[in-house]
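Read off the chains here:
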Amino acid sequence: MTNFALIGAAGYIAPRHMQAIKATGNRLVAALDRNDSVGIIDSYFPDADFFTEFERFDRHLDRLRRHVHSDRVDYVAICSPNYLHDSHIRFALRTGADAICEKPLVLNPWNIDGLLEIEKDTGRKVATILQLRLHPSIIALRERVRREAITQKYDVDLAYITSRGHWYLQSWKGDVKKAGGIATNIGVHFFDMLHFLFGDLQENVVHYSSDTKAAGYLEYQKARVRWFLSVDAEDVPAAQIEKGQRTYRSITINGDEIEFSGGFTDLHIRSYEEILAGNGFGLEENRTAISTVAAIRNAAPVGLMGDYHPFLA
Ligand code: NAD
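Residues numbered from 1 in each chain as written. Predicted model: local features only at pLDDT ≥ 70, side-chain atom pairs only at ≥ 80, totals over all residues. Heavy atoms only, no water.

**Observations regarding the environment of glycine 263**
In step 1: One can find glycine 263 in the loop between strand E12 (256–257) and helix H12 (267–276).
In step 2: Owing to a relative accessible area of 46%, glycine 263 belongs among the partly exposed residues under this scheme.
In step 3: Along the sequence, glycine 263 and proline 136 sit 127 residues apart, while their C-alpha atoms lie 7.4 Å from each other. (Helix = DSSP H or I, 4+ residues; strand = E, 2+ residues; numbered from the N terminus. Buried < 20%, exposed > 50% of the residue type's maximum accessible area, 1.4 Å probe, protein only.)

**Some details on H12**
In step 1: If you check which residues of H12 are buried, you get Leu267, His268, Ile269, Ser271, Tyr272 and Ile275.
In step 2: Where H12 is buried, its residues contact strand E1 (3–7), helix H1 (14–23), strand E4 (75–78), strand E5 (98–101) and strand E6 (126–128).
In step 3: Where H12 ends, the next residue or the one after it, glycine 278, has phi of about 85°, a positive value. (Contact = heavy atoms within 4.5 Å.)

**Some points on the packing of H1 against H12**
In step 1: At their nearest, the axes of H1 and H12 sit 8 Å apart, and the two run at 50° to each other. As judged from the angle between their axes, H1 and H12 are oblique. Handedness of the crossing formed by H1 with H12: right-handed. Counted together, Arg16, His17, Gln19, Ala20, Ile21 and Ala23 of H1 and His268, Ile269 and Tyr272 of H12 form the full contact between these two elements.
In step 2: Along the lines of polarity and charge, the residues of the contact of H1 with H12 split into five nonpolar, three polar and one charged. (Axes fitted to C-alpha atoms, helices over the stretch in contact; angles between N-to-C directions. Parallel < 35°, antiparallel > 145°, perpendicular 65-115°, else oblique. Left-handed = near helix turned anticlockwise from the far one by under 90°. Nonpolar A, V, L, I, M, F, W, Y, C, P; charged D, E, K, R; others polar.)

**Overview of the nonpolar core**
In step 1: Counting 63 residues, the largest nonpolar core has Phe191, Met193, Leu194 and Phe198 as its most contacted members.
In step 2: Counting the residues that make up this core, at least three belong to each of domain 1 (3–128) and domain 2 (132–312).
In step 3: Residue contacts for phenylalanine 191: discarding those within four places in its chain leaves Ala183, Leu218, Tyr220, Trp227, Leu229, Ala289, Thr292, Val293 and Ile296.
In step 4: Counting 24 residues, the second-largest nonpolar core is a separate cluster that includes Leu6, Leu28, Val38 and Ala77. (Core = buried A, V, L, I, M, F, W, Y, C linked by side-chain atoms within 4.5 Å. Domains from an automatic or database assignment.)

**As for the sheet that holds strand E10 (residues 223–230)**
In step 1: Reading across from one edge, E8-E9-E10-E7-E11-E12 is the order of the six strands in this open sheet, with mixed pairing throughout. Either end of the sheet is taken by a strand with one partner, and the two such strands are strand E8 (201–209) and E12.
In step 2: As paired elements, strand E9 (residues 213–220) and E10 share seven bridges and run antiparallel to each other. Across the sheet, residue leucine 218 finds its bridge partner in E10, namely valine 225.
In step 3: Its contacts with the sheet put helix H13 (residues 287–298) on E8, E9 and E10, and the angle it makes with E8 is roughly 35°. (Pairing = 2+ DSSP bridges.)

**As for the domain arrangement of the protein**
In step 1: Assigned domains of the protein: these are domain 1 (3–128) and domain 2 (132–312).
In step 2: Using only C-alpha atoms to locate each centre, domain 1 and domain 2 end up separated by 27 Å.
In step 3: Looking only at domain 1, the three residues that lose the most surface to domain 2 are Lys103, Leu107 and Thr128, adding up to 20% of its buried area.
In step 4: Between domain 1 and domain 2 we count one salt bridge in total.
In step 5: Residues arginine 287 and aspartate 113 are paired through a salt bridge, measuring 2.8 Å at the closest nitrogen-oxygen approach.
In step 6: Counting the contacts that link domain 1 with domain 2 gives eleven residue pairs in polar contact (both at pLDDT 80 or more).
In step 7: Broken down by secondary-structure element, the contributors of at least two residues to the side of domain 1 that touches domain 2 are H1, E4, helix H5 (109–122) and E6.
In step 8: Looking at the side of domain 1 that touches domain 2, its residues break down into 20 nonpolar, seven polar and five charged. (Buried area = accessible area lost by both parts, 1.4 Å probe. Salt bridge = Lys/Arg side-chain N within 4 Å of Asp/Glu carboxyl O. Polar contact = N/O pair within 3.5 Å; in protein donor to acceptor, adjacent residues only side chain to side chain.)

Right, here's the structure in full:
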């Protein structure tokens, strides 16, 4: 049985990690969060130790590491806000554990370089949650793209609108220094997926960027992509609103819709299965997506020029 610790246990995504640890037959032995609303732990690991202070958590894990102990931590799962990921990864590795980190791995590509050094120094590994790479429809699409001999690049339109209430901009998720902005916090899944499907990034143009939406154009080896992301409920198309939906997701390739609305629920479990089998997505596999979102964050939007997403008009 493999032992886990978890940082950010009171948050939204932490229960998916607890579920994945349980589903893969392993144990959560210790958890940390500054917030003590962590009753959810009882649903999965009622015997886990819990800390609200980093220093006590550190002391506890260090004690387990130094003494031969059945609770010695093998993996630290990191579910904290984005800007803390690299620090929490360093802690995990120095503590003698491997790290499993939520997306986005870090906010800037140079943070990856520092982590590669710590991996080398400690001999421990970082694995990341890039769950769309494990989605059956995306895997099938990747196979298709690899198989098809194309004479010109695919034309891809990607729109993702996932409404968030007023809390969003008041929380760390709405703070660009902590979350990286909407393209980083919400979009990184898709930018990683596009790289996974269509190869290296060649061009990156931002047409529009605000706290609640962003849009641009990306050109990959095999695709030209117009993208639009929003957390503003006003952007949800009328047809979806009539059905009571607050989310809209559409990806078309040469005009054909790619269907992948289902199949999302177990992807954290699938991620854990692969990581535990030694097939996790490591630091370098994040570089293209992290460079893409960092460039989008720092770009000066060009406005409605060139190949912009139709939702911007
Ligand atoms: P959240 O705000 O709900 O949870 C973050 C938790 O971290 C909070 O409980 C907070 O108290 C805790 N925290 C903050 N600072 C801390 C510190 N210094 N030490 C320990 N704990 C600290 O956010 P969330 O939605 O659960 O997101 C957490 C991470 O998971 C983010 O990186 C986010 O991007 C990622 N995420 C991934 C997915 C996915 O589909 N893979 C979905 C949502 C979120």
